[in-house]
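Chain by chain, the residues:
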Amino acid sequence: METHDFFIVGVGASAGGQQALKEFFSTVPAETDAAFVVVTHLFREHKSELASIISRFTKLNVVSIKNNTRISPGNIYVMPEDVFVHLQGHVLKLVPRPNDNLINNSINIFFESLAKEAGTKAIGVILSGMGSDGSDGALKIFMEGGDVLVQDPESTKFNSMPMATILKDHPDFILPPRELGNKVAEMVRSKSAKREARIYKHDDLRLNPS
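Each residue is numbered by its place in its chain's sequence as written, counting from 1. Side-chain atom pairs in this predicted model are given and counted only at pLDDT of 80 or more, local residue features only at pLDDT of at least 70, and totals for whole chains, interfaces and linings cover all residues. Each side-chain value is worked out from all heavy atoms of the structure, with water and hydrogens disregarded.

*Asks:* When you look at the overall build of the chain in this model, what are you seeing that I'm missing?
*Replies:* Within the chain, the secondary structure is distributed over six helices and 10 strands. Each residue is assigned to one of three classes by its accessible area relative to the maximum for its type, calculated with a 1.4 Å probe on protein chains only: buried under 20%, partly exposed between the two thresholds, exposed over 50%. Across the 210 residues in the chain, those meeting the buried criterion constitute 50%. Sequence separation of 24 or more characterises 71% of the internal contacts of the chain that already satisfy a separation of 6 or more. Note on areas: these come from Shrake-Rupley sampling with a 1.4 Å probe, and a residue is covered only by the protein chains present in the view. Of the roughly 10,400 Å² of accessible surface on the chain, 51% is carried by carbon and sulfur atoms. Counting from the N terminus, the helices are the DSSP runs of H or I reaching at least four residues and the strands are the DSSP runs of E reaching at least two. When checking whether two residues touch, look at their non-hydrogen atoms; a contact exists if any pair is within 4.5 Å.

Okay, structure coming up:
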């Protein structure tokens, strides 16, 4: 596992997720010290315009993922069509989605790599969608010490994905998407402040041993 000095937020969405993504990112401050990776269920042969759509509703920089894209905080990385995305260290790797992959599990695949690579610096967010994709990956994030947030099923167009994660995992928060955006930013600020305080304390002890 490569040591990450910033948080990586995986955001999974499917049916009904476009509106949820707009609401989520409209409330995330530009100075949030995290990288966001958006993974959705896309048609294989339809070129996705999601990166352009999200860019209209956020102050963060939005990037369409290419193979070997290196991530940094303050950016939103959006998965293109007909691929799976994996995190390796600070780099996003794309692999073609196999033709026999009939039930799209792209969110689980990314979340599992996020849990493995980022550990306690991983945050998983599940938004509106059908099926159960993301629930296994969210559990892996939880087991590796990361955090899991889920869209309130009552605020979704399709509640299957959020409900599957709620039933399988123990989400830290279940909120409407606008509140999820604020909560993620708050968590990142709080956890970063605690980390800086620990570093300062350790430095102080090292300089002033008792």
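*Asks:* Would you mind going over the nonpolar core with me for this structure?
*Replies:* The tendency in soluble globular proteins is for nonpolar side chains to be buried side by side. Nine residue types can take part in a nonpolar core, namely buried Ala, Val, Leu, Ile, Met, Phe, Trp, Tyr and Cys, and a core is a set of them joined through side-chain atoms within 4.5 Å. Counting residues in hydrophobic clusters, the biggest one holds 28 residues, and the most contacted among them are Val11, Phe25, Phe36 and Val125. Filtering out sequence-adjacent residues up to four positions away, Phe25 remains in contact with Val11, Phe36, Val38, Ile54, Phe57, Thr58 and Ile76.

*Asks:* For this particular structure, what's the right way to read the environment of Val62?
*Replies:* Summarising the element assignment, Val62 is placed in strand β3 (residues 61–64). Spatially, the C-alpha atoms of Val62 and Val78 are 7.4 Å apart, while their sequence positions differ by 16 residues.

*Asks:* Even after reading the chapter, I still don't get the packing of helix α3 (residues 106–118) against helix α4 (residues 135–143), so can you show me in this structure?
*Replies:* A pair of packed helices can be characterised by two numbers: the angle between their axes and the separation between those axes. All axes are obtained by fitting lines to C-alpha atoms, using only the stretch in contact for helices, and the reported angles, taken between N-to-C directions, cover 0 to 180 degrees. The geometry of α3 relative to α4 is characterised by a closest axis approach of 7 Å and an angle of 10° between their N-to-C directions. When the interaxial angle is binned, α3 and α4 end up roughly parallel. Between α3 and α4, the contacting residues are Asn108, Phe111, Glu112, Leu114 and Ala115 on the first element and Ser135, Asp136, Gly137, Ala138, Lys140 and Ile141 on the second. Residue polarity follows a fixed list, in which Ala, Val, Leu, Ile, Met, Phe, Trp, Tyr, Cys and Pro are nonpolar, Asp, Glu, Lys and Arg are charged, and the others, Gly among them, are polar. Residue composition of the contact of α3 with α4, grouped by class: five nonpolar, three polar and three charged. We call two directions roughly parallel when the angle between them is under 35 degrees, roughly antiparallel when it is over 145, roughly perpendicular when it lies between 65 and 115, and oblique otherwise.

*Asks:* Before we go on, may I ask you to explain empty space enclosed by the protein in this structure?
*Replies:* Any space left empty among the atoms is revealed by the rolling of a water-sized probe across them. Method remark: on a 1 Å grid restricted to protein atoms, a set of points is classed as a cavity if a 1.4 Å probe fits but cannot get out and as a pocket if it is open with protein on both sides within 12 Å along at least five of seven lines; lining residues have an atom within 4 Å of a point. Grid points are joined across faces, edges and corners, and a volume is the space filled by probe spheres set on the points. The tally for this structure, following the rule as stated, stands at one cavity of 30 Å³ or more. Here the largest cavity defines a volume of roughly 40 Å³. Lining the largest cavity are Thr40, Leu42, Met79, Pro80, Glu81, Asp82, Val83, Arg97, Asn104 and Ser106. For the lining of the largest cavity, a count of residues per class yields four nonpolar, three polar and three charged.

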